[in-house]
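This is what each chain is made of:
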Amino acid sequence: MSVEAVDWSKVGESVEVEDEITYLSDFLDASIALYKVGGEAYKSEAIQYIFAGVSKWLEIIGPLNYYPGLIEKLSDAGVRKLWEADLDADLISEALRAGWDCKVASLIGGEGEIVEYCREVAAELLESLGVDYTSILKDFEGEAGRPEFYSSLIGLTLVLATNI
């Protein structure tokens, strides 16, 4: 029998991040609902909440990797605003989690199934926001197998979907 020393100081960090992502997902969903049902008096405030929620999520998963032309391609694609699209809470939650999961996978060298998962979530998010996902993927074919690409793709899409 052997005994190994383990550094337990990091235990629970991912649980805390997962809890924070769950909170942010619920926060964004509630903020979008406020925009849609709160009337004119609450629209500006709801947009500020949405922007703050996405900004906080970017702090968690950042920094995003840079891919030349990606932001321009997404901008030209006409990403709809989060509060104008017909997104459900599950998709918002999945997008936030996928961005985090891909960021972690890129840091630890994980690929494979996580890339497929993130690709599917990114496709659903972009299509819900009015973007032709296949066109984006075709232009960045060389990056499509890397988890950090999907972190950046989801992150930049959410940034554009919250810009006023």
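See the structure shown above.
Residues numbered from 1 in each chain as written. Predicted model: local features only at pLDDT ≥ 70, side-chain atom pairs only at ≥ 80, totals over all residues. Heavy atoms only, no water.

### Things to note about helix α7 (residues 147–162)
Over its 16 residues, α7 extends 23 Å from the first C-alpha to the last, a length consistent with the 22 Å expected when each residue adds 1.5 Å. Most of α7 is tucked away: 15 of the 16 residues are buried. (Helix = DSSP H or I, 4+ residues; strand = E, 2+ residues; numbered from the N terminus. Expected span 1.5 Å × (residues − 1). Buried < 20%, exposed > 50% of the residue type's maximum accessible area, 1.4 Å probe, protein only.)

### A few points about the side chain of Ser151
Within the secondary structure, Ser151 is located in helix α7. Relative accessible area serves as the criterion here: at 2%, Ser151 is assigned to the buried category. Engagement of the side chain of Ser151 in a polar contact is seen with the backbone nitrogen of Lys103, the distance being 3.3 Å. Residues contacting Ser151, with those up to four places away along its chain left out, are Ile61, Leu64, Gly99, Cys102 and Lys103. (Polar contact = N/O pair within 3.5 Å; in protein donor to acceptor, adjacent residues only side chain to side chain. Contact = heavy atoms within 4.5 Å.)

### Re helix α4 (residues 89–108)
With 20 residues, α4 should cover 28 Å at 1.5 Å per step; its first-to-last C-alpha distance of 29 Å lies within 8% of that length. Those residues of α4 not exposed but buried are Leu91, Ile92, Ser93, Ala95, Leu96, Ala98, Gly99, Trp100, Cys102, Lys103 and Ala105. In the stretch just after α4, Gly109 is the one whose phi turns positive, near 85°.

### A look at the nonpolar core
Leu70, Leu74, Leu82, Tyr150 and Leu153 are the most contacted members of the largest nonpolar core, which totals 50 residues. Elements represented by at least two residues in this core include exactly α1 (13–37), α2 (40–61), α3 (70–77), α4, α5 (113–128), α6 (133–139) and α7. With eight residues, the top contributor of residues to this core is α7. Every residue in contact with Leu74, bar those within four places of it in the chain, is listed here: Val79, Leu126, Ile136, Leu153, Leu156, Thr157 and Leu160. (Core = buried A, V, L, I, M, F, W, Y, C linked by side-chain atoms within 4.5 Å.)

### Things to note about the packing of α4 against α7
One can describe the packing of α4 onto α7 by two numbers: an axis separation of 7 Å at closest approach and a directional angle of 145°. As for the relative orientation of α4 and α7, their crossing is left-handed in sense. Mapping the contact onto sequence places Ala95, Leu96, Ala98, Gly99, Cys102, Lys103, Ala105 and Ser106 in α4 and Pro147, Glu148, Tyr150, Ser151, Ile154 and Leu158 in α7. Among the residues forming the contact of α4 with α7, the class breakdown is nine nonpolar, three polar and two charged. (Axes fitted to C-alpha atoms, helices over the stretch in contact; angles between N-to-C directions. Left-handed = near helix turned anticlockwise from the far one by under 90°. Nonpolar A, V, L, I, M, F, W, Y, C, P; charged D, E, K, R; others polar.)

On their own, these measurements won't tell you what the molecule is for.
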